[in-house]
Amino acid sequence: MAPRGWRRAPLRRGVAGGPRVRRLMRPLWLLLAVGVFDWAGASDGGGGAARAMDEEIVSEKQAEESHRQDSANLLIFILLLTLTILTIWLFKHRRARFLHETGLAMIYGLLVGLVLRYGIHVPSDVNNVTLSCEVQSSPTTLLVNVSGKFYEYTLKGEISSHELNNVQDNEMLRKVTFDPEVFFNILLPPIIFYAGYSLKRRHFFRNLGSILAYAFLGTAISCFVIGSIMYGCVTLMKVTGQLAGDFYFTDCLLFGAIVSATDPVTVLAIFHELQVDVELYALLFGESVLNDAVAIVLSSSIVAYQPAGDNSHTFDVTAMFKSIGIFLGIFSGSFAMGAATGVVTSYVTKFTKLREFQLLETGLFFLMSWSTFLLAEAWGFTGVVAVLFCGITQAHYTYNNLSTESQHRTKQLFELLNFLAENFIFSYMGLTLFTFQNHVFNPTFVVGAFVAIFLGRAANIYPLSLLLNLGRRSKIGSNFQHMMMFAGLRGAMAFALAIRDTATYARQMMFSTTLLIVFFTVWVFGGGTTAMLSCLHIRVGVDSDQEHLGVPENERRTTKAESAWLFRMWYNFDHNYLKPLLTHSGPPLTTTLPACCGPIARCLTSPQAYENQEQLKDDDSDLILNDGDISLTYGDSTVNTESATSSKMPWIGSLHLETMNWSFEEHAWFFQWMIPNPH
């Protein structure tokens with residue numbers, strides 16, 4: 001109506017000053033034209049704003065739907081763990097040992113994975129449009145120009161041609177597939193740390209030489225035996241036309257390193273419950289703890305093998321020695337970093353009063369321990385090795401500085417995290433069998449892998465046991481050897497190493513086969529542990545703390561003489577210097593360091609060191625040291641103590657030995673008075 005009114009205005013008669021009025025109306029016409037164009041533009045802009053608002057609403061709905069799906073996926077794993085815990089209680093209540101909790105978690109994971117893969121189908125979304133374009137490579141990030149707006153798309157992985165119409169189902173399965181880094185950075189650290197933190201050092205160090213031989217030399221032997229056998233299988237597959245991609249000898253060695261990582265958690269749990277012979281438990285547990293660390297460093301060294309020239313898979317002596325150097329460098333660097341973090345934590349807990357605030361003390365201990373793994377990974381070392389030795393160092397030093405409440409808290413905390421993480425991984429293993437979309441199962445490779453792991457384990461255990469028995473007075477019996485051969489289960493570490501890289505055909509085949517190996521060993525060997533113990537006539541019901549009570553003195557001395565001589569030397573140094581330096585335990589540094597170091601010793605010795613009334617030796621050293629191995633240095637004099645005595649040595653706060661200028665005879669009289677003759 002307004003435009004018509006404006007058009008009629010000039011035709012009206014009898015208006016005074018008509019030409020002047022027309023001149024005045026011209027600016028109004030211009031304003032009207034501008035207004036009309038502005039209105040048209042506003043109408044068009046309003047449509048664009050409406051479209052933008054619609055896109056925002058759709059985006060919010062998609063984000064909300066994605067959030068709900070992620071919550072449902074996590075709820076699946078929580079329910080799996082809950083169901084596993086309830087079933088574990090039922091098994092323990094019924095005293096059923098034919099299936100361990102880890103095997104049970106895998107079964108539940110398999111059932112849920114089966115339902116997700118074949119029982120649930122997500123309806124297609126009309127907003128999903130599949131466009132195809134041909135490029136020469138698969139970039140990790142794509143920038144797509146849609147009507148002048150740029151959108152970023154991230155590569156999620158390769159899918160087969162027959163799955164193009166199941167995009168929504170693929171997306172659902174991909175949602176329940178975790179990033180492999182989640183296993184290494186979140187789930188593995190508490191498992192490995194707890195293994196070191198809960199280590200029974202007394203039995204571990206009594207068998208230190210044998211454990212190191214099995215863990216280092218045995219793992220290397222197993223890796224090369226498995227790698228060689230698998231290379232023969234791969235060659236056979238090439239001849240028969242069963243190989244659809246490249247598979248080199250280095251890939252076979254990598255597979256050997258992956259499946260050489262033993263994880264007898266099922267067997268060890270049954271051992272602990274039945275109280276199996278502590279020597280067998282120490283050998284198997286010690287080997288498995290260090291074996292994981294060696295396997296992961298060995299796999300990193302194999303991946304780093306790069307000969308000179310165009311072909312990176314030929315044998316080259318220089319590249320081989322470089323890989324050996326990388327192995328030694330990574331292992332030693334990771335060891336040093338883990339021990340250093342433990343030392344720093346012990347210093348902080350020693351020279352601060354955090355023990356007055358137990359929550360802060362526990363929080364600091366937890367964060368320092370976990371950060372060791374991430375620090376080592378960030379520096380290019382191996383976090384598994386670092387966090388393992390950090391756990392051992394924390395248990396040996398920092399634990400003594402913690403308050404009683406924090407000591408209980410840290411043990412219970414890491415025990416809980418270890419339990420949840422371990423069962424989560426085994427549940428996820430069962431789930432992955434159906435949700436992983438790039439499985440490559442080859443019967444020849446699978447059969448060859450099972451044969452290879454048995455031969456590799458046999459080449460590890462039997463020849464090394466024969467050699468070790470030449471230098472051991474307490475021989476590793478044939479029944480122990482058979483049990484160690486039987487207990488070579490594969491578990492969380494082998495799975496984590498295999499799933500970390502599944503980009504190539506060879507890696508996908510290795511991952512699928514590793515999954516089958518873990519299932520078989522956990523279910524068959526883990527379930528048959530009790531029967532095997534009975535068949536091999538291995539002692540059960542042995543209390544490790546009461547094991548040597550009532551043993552004749554000559555046998556106790558023989559047991560001490562069999563201890564690792566290197567550890568006996570180390571313990572003397574540790575007891576006199578490191579323990580007083582890093583903890584409130586042991587003799588004060590003012591009594592063990594020379595007189596010239598008096599100011600430094602007084603600065604580094606805490607007041608609690610004078611007040612603590614502790615044993616002259618650590619409990620863990622019992623039955624390890626020979627008589628006279630502990631030598632306490634006071635000024636210029638050294639006093640050897642007999643390990644047969646278990647009397648307590650009170651370091652009375654008012655009695656500062658560094659202020660007493662005693663002679664050696666007075667020292668001897670003092671010890672005769674404080675430690676009565678047992679005879």
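Scoring rules and cut-offs
Residues numbered from 1 in each chain as written. Predicted model: local features only at pLDDT ≥ 70, side-chain atom pairs only at ≥ 80, totals over all residues. Heavy atoms only, no water. Helix = DSSP H or I, 4+ residues; strand = E, 2+ residues; numbered from the N terminus. Buried < 20%, exposed > 50% of the residue type's maximum accessible area, 1.4 Å probe, protein only. Contact = heavy atoms within 4.5 Å. Areas by Shrake-Rupley, 256 points an atom, 1.4 Å probe, with all protein chains shown as cover. Core = buried A, V, L, I, M, F, W, Y, C linked by side-chain atoms within 4.5 Å. Phe/Tyr/Trp six-rings, centres within 6.5 Å; stacked < 30°, edge-to-face > 60°.

Undergrad: I tried to follow the overall build of the protein on my own but got confused; where do I start?
TA: Counting its regular elements, the protein contains 25 helices and 6 strands. For the protein, buried positions account for 45% of its 679 residues. In the protein, the share of contacts with a sequence separation of at least 24, taken over all contacts with a separation of at least 6, comes to 79%. By element, 62% of the accessible surface of the protein is carried by carbon and sulfur atoms, the whole surface being about 35300 Å².

Undergrad: Quick question: what am I supposed to make of the nonpolar core here?
TA: In globular proteins that are soluble, nonpolar side chains generally tend to be buried together. Grouped together as the largest cluster of nonpolar side chains are 130 residues, with contacts concentrated most on Met230, Phe247, Phe255, Phe271, Phe445, Met483 and Phe495. It is helix H10 (residues 278–303) that contributes the most residues to this core, 14 residues altogether. When sequence neighbours within four positions are dropped, the list of residues in contact with Met483 reads Val267, Phe271, Leu280, Thr529, Met532, Leu533, Leu536 and Ile538.

Undergrad: What's the story with the environment of Gln508 in this structure? I'm lost.
TA: Relative to the helices and strands, Gln508 is located in helix H18 (residues 505–527). Considered as a pair, Gln508 and Val440 are 68 residues apart in the sequence and their alpha carbons are 5.9 Å apart.

Undergrad: Is there a simple way to explain the packing of aromatic side chains in this structure?
TA: The way to describe two aromatic rings as a pair is by their centre distance and the angle between their planes. If you walk through the whole model with that rule in mind, you get 29 aromatic pairs. Measuring from ring centre to ring centre gives 5.5 Å for Phe573 and Tyr577, while their planes differ by 40 degrees; the resulting arrangement is tilted. You can see Phe573 and its partner Tyr577 sitting in helix H21 (residues 565–582), 4 residues apart, about one turn around the helix. For Tyr577, a relative accessible area of 25% corresponds to the partly exposed category. Taken together, the aromatic side chains of Phe193, Tyr197, Phe365, Phe366, Trp370, Tyr399 and Phe414 make up a single cluster linked through ring pairs.

Undergrad: Looking at this structure, I do not really get the side chain of Ser288. What am I missing?
TA: With respect to the helices and strands, the residue Ser288 is situated in helix H10. The class of Ser288 is buried, set by a relative accessible area of 7%. Residue contacts for Ser288: discarding those within four places in its chain leaves Thr262, Pro264 and Leu268.

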